[in-house]
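Residue-level structure breakdown
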Amino acid sequence: PFRSLEDETELKYITDQLGELIEYAEAKIPGIKYDEDKLIELQHYEREYLKLEQEHWKLRAAIPCPIHPRDAFRELMLPSRYPHPEMMVEYMRRYVEETADKVEKKQSALPEGVEEKLRFIWSNTGPFHHDPYGWLAQKGVSIPASVMTVYEGWRSCREQIWGDPWRGRKLTPLEEEARQIDFVWGRLGERWIENHLGICRDLKIDGIVYFVQWGCTVTNNIGTILAETVEHELGVPTLLIEGRQLDATSWDEKDFLGRLEEFIEIASEAKKRREWWRREHGK
């Protein structure tokens, strides 16, 4: 599925498939046995962890932003992926406390003496063979969030997490997993664009750097539509910039940083226009 589950019929279909998978695994793989109590335990940790991620999301909206641009790329550390899931929950709890302390003290994650001037989303992926994020930090640009998967839907409370009610009722453990299996990369274009709009509003974003990775048709083909929509709805500009995630031979640092420099000017002017509009219209 490439959209959210819409009704009980769809939920039942995927739940039944999971049941068939369990039956097949138990019949074909020696020693395999479905443990529902263990699944319930892991789902509990998933919920506890994601509730903390949701707290952290709200903290990212603080000005100045309390996280370094590079930290926007932190992956979710879902407890079920680790041998000691309770440790992942405790890790996230401490990270939230640390970030909340920075917000209370109005501490910026930018270099000492650098004032926050702009806030960008970095979308799709990053050029992992290079680090433009420290350079952006020196320019006074914070990155409160990256957008690469459905993670931001969980973090921002726009997508249901383990334990949330489904149409007024509590789901069974397998139904919970059926609901989450739907959360695939990218999904429909409408959801992709809505997610960017929501993040812009949540985190007071001034610009989107939309990294167009060669060959990624899931996101590349909708980049222009996203840019036009966000500009029209919010007055926030988007930089569509091409590259190859892991191919260092394609990297032209001077050109890349030059385009980012130009975009900083564009985003700064757009921010001034939005601030003027709010002053004139009281919005």
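Read on for a plain summary of the structure. Counting from 1, residues in each chain are numbered in the order their sequence is written. Local features in this predicted model are restricted to residues whose pLDDT is 70 or higher, and side-chain atom pairs enter the listing and the counts only when it is 80 or higher, whereas totals over whole chains, interfaces and linings include all residues. Processing note: side-chain calculations cover all non-hydrogen atoms of the structure and skip hydrogens and water entirely.

Moving on, we get to the overall build of the chain. Helix and strand labels come from DSSP, where a helix needs a run of H or I of at least four residues and a strand needs a run of E of at least two; each type is numbered from the N terminus. When its secondary structure is counted, the chain shows 10 helices and 4 strands. Listing every helix and strand of the chain by position from the N terminus yields α-α-α-β-α-β-α-α-α-β-α-α-β-α. Taken over C-alpha atoms, the radius of gyration comes to 21 Å for the chain, in line with the 19 Å a tight globule of 283 residues would show. Overall, the chain is about 60 × 45 × 40 Å in size when its C-alpha atoms are taken along their principal axes. With the radius of gyration taken over C-alpha atoms, the globule rule is written as 2.2 Å times the number of residues to the power 0.38.

Note on aromatic pairs: the rings of Phe, Tyr and Trp (six-membered ring only in Trp) are paired at centre separations within 6.5 Å, and the planes decide the class, stacked below 30 degrees, edge-to-face beyond 60, tilted for the rest. Under the definition given, this model contains 7 aromatic pairs. Between Phe73 and Tyr133, the ring centres sit 4.8 Å apart and the planes meet at 45 degrees, which makes this aromatic pair tilted. Of the two residues, Phe73 is situated in the loop between α2 (36–60) and α3 (85–104) and Tyr133 in helix α4 (residues 132–138); the sequence distance between them amounts to 60 residues. Across the pair, Tyr133 and Phe73 agree in class, each one buried. Each residue in the set Phe73, Trp122, Tyr133, Phe211 and Phe256 is aromatic and connected to the rest through ring pairs, giving one cluster. The positively charged end of Arg74 is found above the aromatic ring belonging to Tyr95, 4.2 Å away from the centroid. One cation-aromatic arrangement involves Arg167 over Trp166; the distance from NZ or CZ to the ring centre is 5.3 Å. A simple rule labels every residue: compare its accessible area, found with a 1.4 Å probe on the protein chains alone, to the largest value its type can have, and call it buried under 20%, exposed over 50%, or partly exposed in between. Put simply, a charge is over a ring when the Lys NZ or the Arg CZ is close to the ring centre, within 6 Å, and near the line of the ring normal, within 35 degrees.

What follows deals with the sheet that holds strand β4 (residues 238–243). Across the sheet, 4 strands lie side by side as β2-β1-β3-β4; this open sheet has parallel pairing. The open sheet has two edge strands, β2 (141–147) and β4, and neither has a second partner. Strand-to-strand twist of the sheet, defined as the mean angle between neighbouring strand axes without regard to direction, takes the value 25 degrees. When DSSP finds at least two bridges between two strands, those strands are taken to pair. When strand β3 (residues 207–213) meets β4, the two strands line up parallel, connected through 6 bridges. Paired with Ile208 across the two strands is Thr238, which belongs to β4. Note on contacts: a residue pair is in contact if any heavy atoms of the two residues lie within 4.5 Å. Between the N-to-C directions of two axes lies an angle of 0 to 180 degrees, each axis being a line fitted to C-alpha atoms and, for a helix, fitted only over the stretch in contact. Strands β1 (118–123), β2 and β3 of the sheet are contacted by helix α7 (residues 189–203), whose axis makes an angle of about 145 degrees with β2.

Further remarks concern the pattern of salt bridges. Criterion for a salt bridge: a side-chain nitrogen of Lys or Arg within 4 Å of a carboxyl oxygen of Asp or Glu. Under the definition given, this model contains 22 salt bridges. Taking the shortest distance from any N to any O, the salt bridge between Arg274 and Asp206 comes out at 2.7 Å. Placement of Arg274 in helix α10 (residues 253–281) and of Asp206 in the loop between α7 and β3 is noted, with a sequence separation of 68 residues between them. Among the residues examined, Asp206 registers a relative accessible area of 5% and is labelled buried. For Glu269, the salt bridge is made with Lys272, and the minimal N-O distance between the two is 3.4 Å. Here the residue Glu269 and the residue Lys272 both occupy positions in helix α10, the gap between them amounting to 3 residues, near one helical turn. Through salt bridges that share partners, Glu8, Arg169 and Glu175 make up one connected network.

With 7 of 7 residues buried, β3 is to be regarded as a mostly interior element. On β3, burial covers both faces: Gly207, Val209, Phe211 and Gln213 on one face and Ile208, Tyr210 and Val212 on the other are all buried. Where β1 lies against β3, 4 bridges are found, and the strand directions are parallel. Considered in β3, the bridge of Trp122 is made with Val209.

Time to look at a negative patch on the surface. Judged by side-chain charge, Asp252, Glu253, Asp255 and Glu262 come together as a negatively charged surface patch. Inspection of the secondary structure assignment puts Glu262 in helix α10. Nonpolar side chains (Val, Leu, Ile, Met, Phe, Trp, Tyr) within 5 Å and like charges within 9 Å form the patches, drawn only from residues with over 30% relative accessible area and no salt bridge. All accessible-area figures derive from a Shrake-Rupley calculation using a 1.4 Å probe, and residue coverage is judged against the displayed protein chains alone. When charges are counted, Lys and Arg are positive and Asp and Glu negative, with His and the chain ends excluded. To locate a charge, take atom NZ for lysine, CZ for arginine, CG for aspartate or CD for glutamate.

For Arg119, the location among the structural elements is in strand β1. Sequence separation between Arg119 and Met92 is 27 residues, and the spatial gap between their C-alpha atoms is 24 Å.

The next point concerns the pairing of β1. Within β1, 6 of the 6 residues are buried, leaving the element largely enclosed by the surrounding structure. Residues Leu118, Phe120 and Trp122 point to one face of β1 and Arg119, Ile121 and Ser123 to the other, with burial holding for every one of them. Two elements, β1 and β2, share 5 bridges in a ladder whose sense is parallel. Bridge pairing links Ser123 to Val147 in β2.

Let us now look at unusual backbone geometry. Note: most residues except glycine have negative phi, and most peptide bonds are trans. Along the chain, Ile63 connects to Pro64 via a cis peptide bond; the corresponding omega equals 5 degrees. Checked against the element boundaries, Pro64 lands in the loop between α2 and α3. Phi at Cys157 takes a positive value of approximately 70 degrees, unusual for a residue other than glycine. Tracing the backbone through its elements, the reader meets Cys157 in the loop between α5 (151–155) and α6 (173–181). A relative accessible area of 47% means that Cys157 is categorised as partly exposed.

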